[in-house]
Amino acid sequence: MRLLAAARSAPVRYALMFAGLSAVVMALLLVLLYVWATTLLERHLQEVIEQQLTILRTDFAQDGRNSVVGLVAQHARRRGTGPVHMLVEDARGKVLAGDLPPVAPTNGWQDIELVPQSAKTRAKPRRFRGFGARLDDNTFILVAHDTADLRQTRSLLIRSFIIAHGLTTLLALVGGLAIGNALLKRVDAINRTASAIMDGDLSRRIPVVGWQGELENLAQSLNRMLTRIEELMDNLRHVSSSIAHDLRSPLGRHRQRLEVARMKVRNPAEYEAVIDNAVEEIDAILKTFDAILRIAQVEAGTPRERFSQVDLSHVGENVVDAFAPVAEDVEMQLLAHIDPNLCVRGDRELLTQMLVNLIENSLRHSPGGTRIVLCIERHSGRALLKLSDTGPGIPASERGQVFRRFYRLDSSRSTPGNGLGLSFVSAVVRLHGATISLEDNAPGLTVAVVFP
Amino acid sequence: MKILVIEDDAETAAYIANGLKEHGHTIDLAATGRDGLFLAAGESYDVMVVDRMLPELDGVSIVRTIRSGGVATPVLFLTALGGVDDRVTGLDAGADDYLVKPFAFSELVARINALARRPPMGAAETTLRVADLEMDLLKRNVTRAGQAIGLQPREFRLLEYLMRHAGEVVTRTMLLEHVWDFHFDPHTNVVETHVSRIRAKVDKPFPVTLIHTTRGAGYSIHDPG
């Protein structure tokens, strides 16, 4: 089962392919080597024969037939069972000398097989390779060489080649399968993690082994991606439950009022009041939806395409101009220290709304007598927007939370607001590549936005 | 007024058409972009209300087409989303104003009136006058019954916008857009605060009130007499 699965997987298929390919190449190489080696051996054998023949021919030319016969006889006596054998026959086929049985005189290369006639019938036939030639006086000479060595070498080569080939192929196969299996295991692990995540367990991560460079890098970056997705999913869950909750309560209230209005016949003025109230309530809900959509749009990064140079000082002046009287009406003070002509790259409208949200946040959560100061200045080459108030501030433990959608401090549950203002601020800050920090103004809160 | 409404959603179209008819306007309705363009190019209207998302031909293309054909009729765009991009592309295409759905009917009426009574291009006024209130746009001063009224620059702009639309209802969002360039709705009463300041200077010392609040809609400046 497992092998079958392995055979279907890409790494194992590649391993098999490479093993096959290496087997073919190896076989070709060995065949070539074999042909080359045996050719060399045969040529050597023929050279020995030709050398001997040349000696005999030269001898014949110089000293005549008897000298040749003498030489052969001497060779036959001396060599015993050596590899080179000779034979001299006269024109009528009579053996004059030599250590080979008489053969039919044939010119040129020939293979000779001698079946021993001794009692030992089991003895193997001896094989020779020889060259026959007729001399000028029709004397036939034959020089032959035992081919036992050659054949032995050949079979040795074949045997060792087969073993070498088999071993190599086996190794390639085993190695390939081992590597393929290891890869398969890693991929399997990734696969299992992915399936578990798809089944809803977002906390699962791909196990990281620590070797196999690229694959581990992949696993690590996949894990980072999963962490980010988990965060986003968390956020989404939080947001959707908050939306449901925050919109459910006003809708419920609204329903109640309509039902009460329906209970008995009322005069037109009363109906009008109920309807006006309903429209107001629905407008508030629509506003919350608009705020959510706007945050989503900013977070999607689309407005970045329309970024231009924005005079931040001008934005600040405009907003303070609009809100200073509003602050005065609730017995607060809104002051500004704005350096002129400080420009940042961004979206004017979003930056304006960001600043408005921050100021409204201070206005809404602070008691009368609070001083709100907006500072826009250059700080070590970067534009800095700082809004400080002397209101109640935000406890240090909650500062990280207030940027979450729908998050509201317990102390401000009763004040109006939807808990989206600072989420929008944080989205705009991120869109502009800026950073935001909340600090203690002792007393009160300082919000600092540093632009890149 | 003769108004062309191009809107594919039947309910919204009926809501707009019936409401405007009650205000005494003549309405032509088109449910698709193609029909709308046909009417817009062939007939003459005082104002067109064009939805952005339409079957066959979208609102931006319609406006672009009629503008390139030389039709100068004021166009009010309706968009489903209040995205920044939506507004800018709409205005770039040649629309004169935009309104995000869902909207209060009073907002639609106020904007249609403002569009229809736009002063013709080039006719620059130098003095605005409502009853005994006078605004000199060149000297940038305001007098009422001969008495000078000191206004902050922003208050001046607010009063100027009201006076340019004298007799019409101007909504909060229109003021936010034109006086402060705020294309979003702040939670605090920015407009109310500033209007009450102007009132304190323009109306309070005098027997006749000129700046009126239309409940649930906005403000208007007019001589009650």
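Residues numbered from 1 in each chain as written. Chains lettered and ligands numbered in written order. Predicted model: local features only at pLDDT ≥ 70, side-chain atom pairs only at ≥ 80, totals over all residues.

> Which parts of the structure should I look at to understand the overall build of chain B?
On a plain count of helices and strands, chain B comes out with eight helices and twelve strands. For chain B, the proportion of its 225 residues judged to be buried stands at 34%. Expressed as a percentage of contacts within chain B between residues at least 6 apart in sequence, the contacts between residues at least 24 apart total 56%. (Helix = DSSP H or I, 4+ residues; strand = E, 2+ residues; numbered from the N terminus. Buried ≥ 20, exposed ≤ 12 C-beta atoms within 10 Å, placed from the backbone. Contact = placed C-beta atoms within 7 Å.)

> Quick question: what am I supposed to make of the sheet that holds strand β12 (residues 445–450) of chain A here?
Paired through backbone hydrogen bonds, the strands of a sheet run either parallel or antiparallel to each other. Residues and elements named next belong to chain A. Strand order in the open sheet made by the five strands is β7-β9-β10-β12-β11, with mixed pairing throughout. If you trace the sheet from one side to the other, it starts and ends with β7 (333–338) and β11 (435–440), each paired once. On average, adjacent strands in this sheet sit at an angle of 15° to one another, irrespective of strand direction. As paired elements, β11 and β12 share six bridges and run antiparallel to each other. Among the inter-strand pairings, S437 is bridged to a residue of β12, identified as A448. Contacts between helix α7 (residues 312–329) and the sheet are confined to β7, β9 (371–379) and β10 (382–389), with β7 contributing the most and set at about 165° to the helix. (Pairing = 2+ DSSP bridges. Axes fitted to C-alpha atoms, helices over the stretch in contact; angles between N-to-C directions.)

> I'm lost on the environment of G316(A) in this one. Help?
Residues and elements named next belong to chain A. Residue position: G316 is located in helix α7. C-alpha separation for the pair G316 and D339, spaced 23 residues apart in sequence, amounts to 9.9 Å. Those residues in contact with G316, other than ones at most four positions away along the chain, are A336, I338, L355, L374 and I376.

> What exactly am I supposed to notice about the environment of F289(A) here?
Residue and element names in this part refer to chain A. By secondary structure assignment, the location of F289 is in helix α6 (residues 268–299). For F289, a count of 12 C-beta atoms within 10 Å puts it in the exposed group. Residues F289 and I243, 46 residues apart in the sequence, show an inter-C-alpha distance of 8.7 Å.

> For this particular structure, what's the right way to read the nonpolar core?
One broad rule of soluble globular proteins: the nonpolar side chains tend to lie buried together. Core analysis: the biggest nonpolar cluster contains 103 residues, and L312(A), F323(A), I359(A), V428(A), V49(B), V50(B) and L159(B) have the highest contact counts within it. No other element matches the nine residues that α7(A) contributes to this core. If we ignore the near neighbours within four places in the chain, the residues touching I359(A) are V319(A), F323(A), L334(A), I372(A) and L387(A). With 16 residues, the next largest nonpolar core counts M86(A), L87(A), V103(A) and V143(A) among its residues. (Core = buried A, V, L, I, M, F, W, Y, C linked by C-beta atoms within 7 Å.)

> I keep staring at helix α4 (residues 148–198) of chain A and nothing clicks. Help me out?
Residues three or four positions apart in an α-helix share a direction because the helix packs 3.6 residues into each turn. Residues and elements named next belong to chain A. Here α4 spans 73 Å end to end across 51 residues, near enough to the 75 Å set by a 1.5 Å rise per residue. Along α4, the residues classified as buried are G176, G180 and L184. Of the residues flanking the end of α4, it is G200, one or two places downstream, whose phi is positive at about 115°. (Expected span 1.5 Å × (residues − 1).)

> What is the right way to look at the interface of chain B and chain A in this model?
By a frequent convention, interface size equals the accessible area lost on bringing the separate parts together. Counting from both sides, the interface comprises 22 residues of chain B and, opposite them, 24 residues of chain A. No other element matches helix α8 (residues 190–202) of chain B, which puts four residues into the side of chain B that touches chain A. Per-class residue counts for the side of chain B that touches chain A are nine nonpolar, eight polar and five charged. (Nonpolar A, V, L, I, M, F, W, Y, C, P; charged D, E, K, R; others polar.)

> Sorry if this is basic, but what is going on with the sheet that holds strand β9 (residues 147–149) of chain B here?
Residue and element names in this part refer to chain B. With antiparallel pairing, the four strands of this open sheet are ordered in space as β6-β7-β8-β9. Of all strands in the sheet, those with a lone pairing partner are β6 (127–130) and β9, marking the two edges. Each strand axis lies, on average, 25° off the axis of its neighbour in the sheet, ignoring direction. Judged from the three bridges that link them, strand β8 (residues 141–144) and β9 form a sheet pairing that is antiparallel. Looking at the pairing, R144 lines up with Q147 of β9. Packed on one face of the sheet, helix α6 (residues 153–164) meets β6, β7 (133–136) and β8 and runs near 70° to β6.

> I tried to follow helix α3 (residues 59–68) of chain B on my own but got confused; where do I start?
All of the buried residues in α3(B) are G59(B), V60(B), I62(B), V63(B) and I66(B). For α3(B), the buried positions fall inside an angular range of 160° around the axis, keeping them on one side. (Arc of directions from axis to C-beta.)

> Before we go on, may I ask you to explain unusual backbone geometry in this structure?
Working note: non-glycine residues mostly have negative phi, and peptide bonds are mostly trans. In this chain, A442(A) is followed by P443(A) through a cis amide linkage whose omega measures 0°. Of note, the amide linkage connecting K101(B) to P102(B) takes the cis form, showing an omega dihedral of -5°. Checked against the element boundaries, P102(B) lands in the loop between β5 (97–100) and α5 (105–116). In the Ramachandran plot, N341(A) falls in the positive-phi region, its phi being about 55° despite a non-glycine side chain. In this fold, N341(A) is placed in the loop between β7 and β8 (343–346). Residue A442(A) is not a glycine yet carries a positive backbone phi of 40°. Along the chain, the position of A442(A) falls in the loop between β11 and β12. Exposure remark for A442(A): the 9 C-beta atoms within 10 Å place this residue in the exposed category.

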